[in-house]
Amino acid sequence: MINNMLYYILYTSAVLFYGIGLNRAAVLCQNMKGHVLKAVKSLITVTSSSVLTYLLCDVLLVPYGLSEVYPFVAALIFISISVFCESLIRITARVSAAEFSISLLSILLSVNEGCNLLNVTEISVCCILAFYIFVPLLHAIQHRIESGRPSSDFKNSSLLFFSIAIIILALFAWNVSWLNPGVMQ
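Residues numbered from 1 in each chain as written. Predicted model: local features only at pLDDT ≥ 70, side-chain atom pairs only at ≥ 80, totals over all residues. Heavy atoms only, no water.

### Brief notes about the overall build of the chain
Here comes step 1: Helix and strand counts for the chain stand at 7 helices and 0 strands.
Here comes step 2: Counting from the amino terminus, the chain carries its helices and strands in the arrangement α-α-α-α-α-α-α.
Here comes step 3: Within the chain, the proportion of its 185 residues that are buried is 42%.
Here comes step 4: If you take every contact in the chain between residues at least 6 apart in sequence, the share linking residues at least 24 apart comes to 74%. (Helix = DSSP H or I, 4+ residues; strand = E, 2+ residues; numbered from the N terminus. Buried < 20%, exposed > 50% of the residue type's maximum accessible area, 1.4 Å probe, protein only. Contact = heavy atoms within 4.5 Å.)

Structure, rendered in structure tokens:
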């Protein structure tokens, strides 16, 4: 379980490897206000949506040969859970914590790659954690770029994306074969 968490949070991070929410992370790192609330809401909605989607696919769609429509079913389940959670947050905290693309793509990734319910839950939690851990890292990089006063030839956003590219290259250069359980046997 720890190997899978390290694998999906660090090495095959949904943000860095699949590109889920990479542009959104660059925008969210500008203002860190409400970051924790958005992370909690995303964790709740993505985890519950992934579990319900997996169960519905396993019980209803696969036996009837309708597994091709699971993205549509996943979107319907996610929208219903997300609207409910968003309305609760707006009533209690009076702020918006809406997030669609990152959450839906994380659900689809977890249902695609998970082979049982525990694995689906673990992958969905790790995808969301990878994104919300990456945003403060980008915020720190951006703060460092701004304090270094770069040349006027470069925009801060371009230097931020150069930094992201260097992080991706560093992760891909690292040998992670030890994370694969079949290698140690």
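### Quick look at the packing of aromatic side chains
Here comes step 1: The final tally for this structure, using the stated rule, is 1 aromatic pair.
Here comes step 2: Ring geometry for Phe131 against Tyr132: centres 4.9 Å apart, planes inclined by 90 degrees, an arrangement best described as edge-to-face. Across this residue pair, the class does not change: Phe131 and Tyr132 are buried. (Phe/Tyr/Trp six-rings, centres within 6.5 Å; stacked < 30°, edge-to-face > 60°.)

### Remarks on the nonpolar core
One recurring pattern in soluble globular proteins: nonpolar side chains tend to sit buried together.
Here comes step 1: Counting 42 residues, the largest nonpolar core has Phe131 and Leu138 as the members making the most contacts within it.
Here comes step 2: Secondary-structure elements contributing two or more residues to this core are α1 (2-11), α2 (22-28), α3 (35-61), α4 (70-92), α5 (101-113), α6 (117-147) and α7 (156-173).
Here comes step 3: With 12 residues, the top contributor of residues to this core is α6. (Core = buried A, V, L, I, M, F, W, Y, C linked by side-chain atoms within 4.5 Å.)

### Regarding the pattern of salt bridges
Here comes step 1: Applying the stated rule across the entire model yields 2 salt bridges.
Here comes step 2: Close ionic contact of Lys41 with Glu86 constitutes a salt bridge, the shortest N to O distance being 3.7 Å. Placement of the pair is Lys41 in helix α3 and Glu86 in helix α4, with a sequence separation of 45 residues. The same class applies to Lys41 as to Glu86, namely buried. (Salt bridge = Lys/Arg side-chain N within 4 Å of Asp/Glu carboxyl O.)

### With respect to the side chain of Ser110
Here comes step 1: Take Ser110: it is sitting in helix α5.
Here comes step 2: Those residues within four positions of Ser110 in sequence are excluded, and the remaining contacts are Ser50, Val120, Ile123 and Ser124.

### As for the packing of α5 against α6
Here comes step 1: The geometry of α5 relative to α6 is characterised by a closest axis approach of 8 Å and an angle of 145 degrees between their N-to-C directions. Seen along the crossing, α5 lies across α6 with a hand that is right-handed. Only Asn119, Val120, Ile123, Ser124, Cys127, Ile128 and Phe131 of α6 make contact with α5, whose side of the interface consists of Ile102, Ser103, Ser106, Leu109, Ser110, Val111 and Glu113.
Here comes step 2: Of the residues that constitute the contact of α5 with α6, the class distribution is 8 nonpolar, 5 polar and 1 charged. (Axes fitted to C-alpha atoms, helices over the stretch in contact; angles between N-to-C directions. Left-handed = near helix turned anticlockwise from the far one by under 90°. Nonpolar A, V, L, I, M, F, W, Y, C, P; charged D, E, K, R; others polar.)

### Focus on α4
Here comes step 1: For α4, with 23 residues, the first-to-last C-alpha span of 33 Å sits near the 33 Å given by 1.5 Å per residue.
Here comes step 2: Residues of α4 that are buried: Tyr70, Val73, Ala74, Ala75, Ile77, Phe78, Ile81, Ser82, Cys85, Glu86 and Ile89.
Here comes step 3: Packed against the buried residues of α4 are α3 and α5.
Here comes step 4: Residue Arg94 follows α4 closely and has a positive phi angle near 60 degrees. (Expected span 1.5 Å × (residues − 1).)

### Let's talk about the state of the cysteines
Here comes step 1: Scanning the entire structure with this criterion turns up 0 disulfides.
Here comes step 2: Cys126 supplies the cysteine sulfur nearest to Cys127, a cysteine that is in no disulfide, at a spacing of 7.2 Å. (Disulfide = S-S within 2.5 Å.)

### As for the packing of α3 against α4
Axes are the key here: two packed helices are described by the angle between their axes and the distance separating the axes.
Here comes step 1: Between α3 and α4, the least distance of the axes is 9 Å, while the angle of their chain directions is 145 degrees. In this structure, the crossing between α3 and α4 has a hand that is right-handed. Facing α3, whose interface residues are Leu37, Lys41, Ile44, Thr45, Ser48, Ser49, Leu52, Thr53, Leu56, Cys57 and Leu61, α4 presents Tyr70, Val73, Ala74, Ile77, Phe78, Ile81, Ser82, Cys85, Glu86 and Ile89.
Here comes step 2: Per-class residue counts for the contact of α3 with α4 are 14 nonpolar, 5 polar and 2 charged.

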